[in-house]
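So the chains spell out like this:
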Amino acid sequence: MPLKDFKTRIKIKAEQEDVYAAFTNPFTIELWSGYPATMPSEPGAEFSMLEGDIAGRVLELVPPSKIVQEWYFGEQEEASIATIKLFPSGGNVQVDLFHTNIPAEAYEEITEGWTEYFLGAIKEFLEGA
């Protein structure tokens, strides 16, 4: 089964701690996504979002600058890793996303999900647009 990688970058006009919370705080995730989320604050624990459409395991948390998650895609040998890095950039917060080993058949859905429903929703929520 072919695997693909996805990389993108956006800038959000907000405090870095608020952007970090939008990825890691279950209450904040529910505010921008509209759905309850399970998002543990310790590495090794499993998370679930968007009614279970997104599930996986938290691998690393470095507040407020780095989040590493493994995303589950059924029976897959290679772990699919999403690395999110946050850093200040001229009054904004730059979010760099690199997601590896996405199954080819899920690639379009996942990349659209990241762009529109994840990063786009967080940006809209935090900027109040």
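Structural data are supplied above this passage.
Residues numbered from 1 in each chain as written. Predicted model: local features only at pLDDT ≥ 70, side-chain atom pairs only at ≥ 80, totals over all residues. Heavy atoms only, no water.

## Some thoughts on helix α3 (residues 107-127)
Spanning 21 residues, α3 covers 28 Å between terminal C-alpha atoms, matching the ideal 30 Å at 1.5 Å per step. Along α3, the helix axis deviates most sharply at G113, where the bend reaches about 40°. All buried positions along α3 are accounted for by Y107, I110, T111, G113, W114, F118, L119, A121 and I122. G128, located one to two residues past α3, shows a positive phi value of around 65°. (Helix = DSSP H or I, 4+ residues; strand = E, 2+ residues; numbered from the N terminus. Expected span 1.5 Å × (residues − 1). Bend = angle between axes of the 7 residues up to and from the residue. Buried < 20%, exposed > 50% of the residue type's maximum accessible area, 1.4 Å probe, protein only.)

## A short note on the pattern of salt bridges
Tallied over the entire structure, the rule returns four salt bridges. With a closest N to O distance of 2.7 Å, R57 and E70 form a salt bridge. In this pair, R57 is assigned in strand β3 (residues 54-62) and E70 in strand β4 (residues 66-71), connecting sequence segments 13 residues apart. We classify R57 as partly exposed; its relative accessible area is 30%. Residue K123 pairs with E127 through a salt bridge whose shortest N-O separation is 3.0 Å. Remark: E127 and K123 occur in helix α3; sequence separation between them is four residues, near one turn of the helix. (Salt bridge = Lys/Arg side-chain N within 4 Å of Asp/Glu carboxyl O.)

## Regarding the layout of surface pockets
Here the largest pocket is characterised by a volume of approximately 380 Å³. Class assignment of the residues belonging to the lining of the largest pocket gives a composition of 11 nonpolar, two polar and three charged. (1 Å grid on protein atoms, 1.4 Å probe; cavity = no way out; pocket = protein on both sides within 12 Å on 5 of 7 lines; lining within 4 Å. Points joined across faces, edges and corners; volume = space filled by probe spheres on them. Nonpolar A, V, L, I, M, F, W, Y, C, P; charged D, E, K, R; others polar.)

## Focus: the pairing of strand β6 (residues 92-103)
Where burial is concerned, most of β6 is hidden: 10 out of the 12 residues are buried. Pairing geometry for strand β1 (residues 3-12) and β6, over nine bridges, is antiparallel. When the sheet's bridge partners are listed, I10 is paired in β6 with V95. Connecting strand β5 (residues 80-89) to the antiparallel partner β6 that follows it, the hairpin turn spans two residues, and G90 within it adopts a positive phi of roughly 55°. (Pairing = 2+ DSSP bridges.)

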